[in-house]
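Residue-level structural notes
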Amino acid sequence: MGNQRKHSDSPTQPKRIAKAKKPIYKNQWFFLVMVEIALAIITGMINPRFFTTSNLMNILEQIAVLGIISSGMTMLLISGEIDISVGASIGLASCVTAMMIRSDWGYFLPVVVGVVITIFNSFLVGATSRVFKAPSFITSLAFTSVFRGIALAITKGSFQTIYGKFETIGTTRLWNILPLSFIISIVAYFVVHFILSYTKLGRRIYAVGSNPSAAYLSGISVTWSKLTTFLLNGLFVGIAAIVLLSRIGAAQPSTGSGIELKAIGAVVIGGTPLTGGKGNIMGTFFGVLLMGIISNALNMMRVNPYFQEVTFGILIIASLAVSVLSSYRKGHFSVRKPD
Amino acid sequence: MTDSETLVRLENITKIYGTHKVLDSVSFDLKRGEVHCLVGENGAGKSTLIKVLSGAITPEDGEIYINGNLIRSMNPRKAIELGISTIYQDAELVDSLTVADNVFLGSEQTGFLPFVVDKYRQFQRIKETIDALHIDLPESSLVEELSASQKQMLQIVKALHRDSKIIIMDEPTSSLGLQETEALMEIIRNLRNQGIGIVYISHYLDEIFEIGDRVTILKDGEDMGTYDISSIDVEMVIRKMVGRDASMFYSKKNVPIGDVQVEIRNMAKSGVVEEVSFSVRKGEILGIGGLVGSGRSEMVSLIFGVDKPDSGEIILNGKSVKIRSPRDAIRAGICLITEDRRKYGVLTGRNVIENTALVHNEVFRGPIIDRKSERLLTADMIDKLSISVADDDQKIEELSGGNQQKVIIGRWLLDDAVLYIFDEPTKGVDVGAKEQIYELMTHLVENGKSIIMVSSDMPELLSLSDRIVIMRDGCLVDILENSGVREEDLIRHFVGVDPKMGGTKTNGKPKKTQ
């Protein structure tokens, strides 16, 4: 019966809904662009070397890995889930891949194994969260320890160097200027944008993040939608791990640690709330860029690296404050009416 | 009785939600040592009135006098200080603490060591109260081990320990069996003799005639008067509860009714719905009436695959369909427009197009979204249901309640279905939108669809339904042909008063003791 269904009344004459005319400055990313321009100008005035082509390209290269991770994280946060084990997962995957390359397994197989590991890891985080009805924050916190521990066990804590063996992906500069890794991250952004805006999966991600009960009653399987999102997230983490390994030329269990916080921060600064259901990739792109510029600016201004850590933490708190305050303004946080 | 005997006087209380007057200048008073009952249909304003008295909400207008003193701003804490206790149907108790701990929660008794609770002293004090009431309530057992009626007793004990002079009981017997109800009645008499004033709310009219001294009747937020129980009978109470003018009724077009299209056979889930069977014909609107908690919405969730029934079969157009999830139901041609649109309907933060095309894209389309077609379909639906929308990126929560409801209904109209289930289709919807939703439903049945409509709104039930299924305590008790049925007939069926018997519960409280 289902297949024979048709529209009850196909529109005879196309009608229109007014196209939204949202002024560009009302987007959260526009605000980010302004901040970024201001930061760049200030840094440039203090240290003119900021505006050299080589420095700008360095920024793009530095944010490539963060960008790929943040793309996957954007989908995950919109679906109402989170994965803070991505840093540990990168550590594990890059160690395994590096060890396989060192033992002359070629390149293809180690890369595939690395990516499969991160996909599986992310799936584990999502599946345990669904099965045990625990927040993915908690399951991913637990798996952070598991992944890191396995990486330590197999490497015995040692450095896995592959200098000169696997550099193409991470260090190639197209036309001697543009980093290949940055292009890869751009592709990641576009893929996520396509998924979110043009596919059924994208609609499911928004729907389960916005109102899981309504999604379920509309025929969506909440569990499968979320698990698919976790799998995709794992894929992006895997690609990021490979790019990172190729750029650094070595791996150790602590590789990637702390990057999950930066990625979540970039996504939230870009306007995706931790509560899910909202957000877009444009915001994430500029959120990642902001992270890159701040990091670079702090280096340029010779700020103590320890204080850089402090800065990122405060930045993430500030972005949370902004997102909460903007929902206050819209009245979403109004006290529940006594009824 | 003299005026010093008056514990509570509420004068001209008015409460407004949005544009809707939930209470319209209602007056109420309670004397020492009396049981004053409040009756009215679902949504008549009983609960709102007691919330005003217990300080949970602030009325727009009116005065509250407690013991003769005007109370300017009432809040829950002040209400407790003034000796007002409310006993809710779903008890607000801490399950993991003992009976005694719950009674003394917030005012724990300490011994000679400060900060250390003196359990023995608590037990002693509570035992006196329990013995005085002649009830069975072990003071050291955990609340989670108690039965529903024991929890209710516990709340009464708690109220007495707070030295309450005014006790409000909201549907206290709805989860009690027959014997437990009797025991509760005994306690109420006991309390009354101690000079405590009791506000008693119940759907069961026979209880009111058994225990009450006076009764105040509410209808659509209006005060229909206060009567001595001895001067009034069940028939008269029912007549006061209903009887609206014709303007509240919608005159539905006559739609020819065809063959049976939908059959529900022996749908059951233990403790919730018991063996319900009925059928819906082509072009028919089948109304489902009953009190809140009679199992109407639960039965609908069983049909739509949200809950798993213990048994039951659904037959659409002569073919038995297997439904294990809403997705199966939708594919088979069943739609459910839920009651709580905020909780189960709208995708907050998403625009009107995504909200409208949700089911269409999910169930009937491939993996890639056809953005042009969903846009056209939405535009068409907006036009057809006259939904006012500013532009294509307007978030659904920015629309009015009526428009939101129409978007949710529109979601189910993009594709053809066989059976449309409406659960409270016009709850929280303004009058204009109400009319449009009724027209839309009529249009659906004209096109040969079947509709099941769950509704607490009497005029709605009576003006739209071709037949009315009556549910009570999870059972289907009757199916009425809707010709010449009056509001009072329905009420009588809902509460289980047999017109010939006068005031007895014909099918009172079946096996709902757990």
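Residues numbered from 1 in each chain as written. Chains lettered and ligands numbered in written order. Predicted model: local features only at pLDDT ≥ 70, side-chain atom pairs only at ≥ 80, totals over all residues.

**Some thoughts on the overall build of chain A**
Across its full length, chain A holds 13 helices and four strands. Burial status across chain A gives 45% buried among its 339 residues. Restricting the contact set of chain A to residue pairs at least 6 apart, pairs at least 24 apart contribute 79%. (Helix = DSSP H or I, 4+ residues; strand = E, 2+ residues; numbered from the N terminus. Buried ≥ 20, exposed ≤ 12 C-beta atoms within 10 Å, placed from the backbone. Contact = placed C-beta atoms within 7 Å.)

**Some details on the overall build of chain B**
From N to C terminus, chain B includes 18 helices and 20 strands. Computed over C-alpha atoms, the radius of gyration of chain B comes to 25 Å, within 12% of the 24 Å expected from 2.2 N^0.38 for 514 residues, which places it in the range of a compact globule. Taken along the three principal axes of its C-alpha coordinates, chain B extends 75 × 55 × 45 Å. When each of the 514 residues of chain B is scored for burial, the buried share is 47%. (Rg over C-alpha atoms; globule rule 2.2 N^0.38 Å.)

**Concerning the confidence of the model for chain B**
Taken over all residues, the pLDDT of chain B has a mean of 83, while the share at 70 or more is 94%. Prediction confidence for the complex, expressed as pTM and ipTM, is 0.78 and 0.80 respectively. (pLDDT = per-residue confidence, 0-100.)

**Looking at the interface of chain A and chain B**
In this complex, chain A contributes 33 residues to the contact, which on the side of chain B involves 48 residues. Mapped onto the side of chain A that touches chain B, the elements with two or more residues apiece are helix H8 (200–210) and helix H9 (212–217) of chain A. Looking at the side of chain A that touches chain B element by element, the count peaks at five residues for H8 of chain A. Across the side of chain A that touches chain B, the residue classes break down as 14 nonpolar, ten polar and nine charged. (Nonpolar A, V, L, I, M, F, W, Y, C, P; charged D, E, K, R; others polar.)

**With respect to the environment of Gly83 of chain B**
All names here are of chain B. Along the chain, Gly83 falls in the loop between helix H2 (76–81) and strand S6 (84–87). With 18 C-beta atoms counted inside 10 Å, the residue Gly83 sits in the partly exposed group. Considering only alpha carbons, one finds Gly83 and Ser251, 168 residues apart in sequence, at a separation of 49 Å. Each residue touching Gly83, except ones within four places of it in the same chain, is listed here: Asp163, Ser164, Lys165 and Ile166.

**Regarding the packing of helix H7 (residues 180–198) of chain A against H8 of chain A**
Residues and elements named next belong to chain A. Interaxial distance between H7 and H8 falls to 5 Å at its minimum, and their mutual angle equals 75 degrees. Taken together, the axes of H7 and H8 are roughly perpendicular relative to one another. Here Ile195, Leu196, Ser197 and Tyr198 of H7 come into contact with H8, specifically with Leu201, Gly202 and Ile205. Here the residues of the contact of H7 with H8 are counted per class, giving five nonpolar, two polar and no charged. (Axes fitted to C-alpha atoms, helices over the stretch in contact; angles between N-to-C directions. Parallel < 35°, antiparallel > 145°, perpendicular 65-115°, else oblique.)

**Digging into the pairing of strand S17 (residues 419–423) of chain B**
All names here are of chain B. Along S17, five of the five residues are buried, which leaves the element largely enclosed by surrounding structure. With burial as the criterion, each face of S17 is covered, one bearing Leu419, Ile421 and Asp423 and the other bearing Tyr420 and Phe422. Where strand S16 (residues 334–337) meets S17, four bridges bridge the pair, whose relative direction is parallel. Among the inter-strand pairings, Ile337 is bridged to a residue of S17, identified as Phe422. Both S17 and strand S18 (residues 450–454) contribute to a ladder of five bridges, which runs parallel. The residue of S18 that forms the bridge with Asp423 is Val454. (Pairing = 2+ DSSP bridges.)

**Focus: the domain arrangement of chain B**
What the domain assignment reports for chain B is domain 1 (3–243), domain 2 (256–333 + 417–485) and domain 3 (343–415). One C-alpha centre belongs to domain 1 of chain B, the other to domain 3 of chain B, and the line joining them spans 45 Å. (Domains from an automatic or database assignment.)

**A short note on unusual backbone geometry**
Its identity is not glycine, yet Lys156 of chain A carries a phi of approximately 55 degrees, on the positive side. The exposure class of Lys156 of chain A is exposed, given the 7 C-beta atoms found within 10 Å. Although it is not a glycine, Glu171 of chain B sits at a positive phi angle of roughly 50 degrees. Assignment of secondary structure puts Glu171 of chain B in the loop between strand S7 (166–170) and helix H6 (178–193).

**A word on the pairing of strand S2 (residues 20–31) of chain B**
Residue and element names in this part refer to chain B. Sheet analysis places strand S1 (residues 6–17) next to S2, joined by eight bridges and oriented antiparallel. Paired with Leu10 across the strands is Phe28, a residue of S2. Between S1 and S2, which follow one another and run antiparallel, lie two residues, and Gly18 among them has a positive phi close to 65 degrees.

**Some words on helix H5 (residues 136–155) of chain A**
Here H5 of chain A is 20 residues long and its end C-alpha atoms lie 28 Å apart, about the 28 Å a rise of 1.5 Å per residue gives. Lys156 of chain A, located one to two residues past H5 of chain A, shows a positive phi value of around 55 degrees. (Expected span 1.5 Å × (residues − 1).)

**Describing the confidence of the model for chain A**
Residue and element names in this part refer to chain A. Averaged over chain A, the pLDDT score is 85; the fraction of residues at 70 or greater is 90%. Confidence, expressed as mean pLDDT per element, reaches its minimum in chain A at helix H6 (residues 168–171) with 74 and its maximum at helix H10 (residues 222–248) with 94. Scored below 50 in pLDDT, residues 1–14 shows 16 contacts in the model against residues more than four places distant or in partner chains. Considering only residues more than four positions removed or in separate chains, one finds that residues 330–339, a stretch of pLDDT under 50, has five contacts.

**Some remarks on the environment of Lys119 of chain B**
Residue position: Lys119 of chain B is located in helix H4 (residues 119–133). What makes Lys119 of chain B partly exposed here is the crowd of 17 C-beta atoms within 10 Å.

**Quick notes on the packing of helix H1 (residues 28–46) of chain A against helix H12 (residues 281–300) of chain A**
Residues and elements named next belong to chain A. At a minimum axis distance of 9 Å, the contact between H1 and H12 shows a crossing angle of 15 degrees. Considered as vectors, H1 and H12 are oriented roughly parallel to each other. In this structure, H1 crosses over H12, and the sense of that crossing is left-handed. On H12, the residues touching Gln28, Trp29, Leu32, Val33, Val35, Glu36, Leu39, Ala40 and Thr43 of H1 are Met282, Gly283, Phe286, Gly287, Leu289, Leu290, Ile293, Ile294, Ala297 and Met300. Residues of the contact of H1 with H12, tallied by class, amount to 14 nonpolar, four polar and one charged. (Left-handed = near helix turned anticlockwise from the far one by under 90°.)

**Section: the nonpolar core**
Core analysis: the largest hydrophobic core is formed by 218 residues, its most contacted members being Ile69 and Ala240 of chain A together with Ile303, Ile334, Ile421 and Ile451 of chain B. It is helix H2 (residues 53–78) of chain A that contributes the most residues to this core, twelve residues altogether. (Core = buried A, V, L, I, M, F, W, Y, C linked by C-beta atoms within 7 Å.)

**Considerations on the environment of Leu141 of chain A**
Checked against the element boundaries, Leu141 of chain A lands in helix H5. Put simply, Leu141 of chain A and Gly114 of chain A are 27 residues apart on the chain and 21 Å apart in space, counted from C-alpha to C-alpha.

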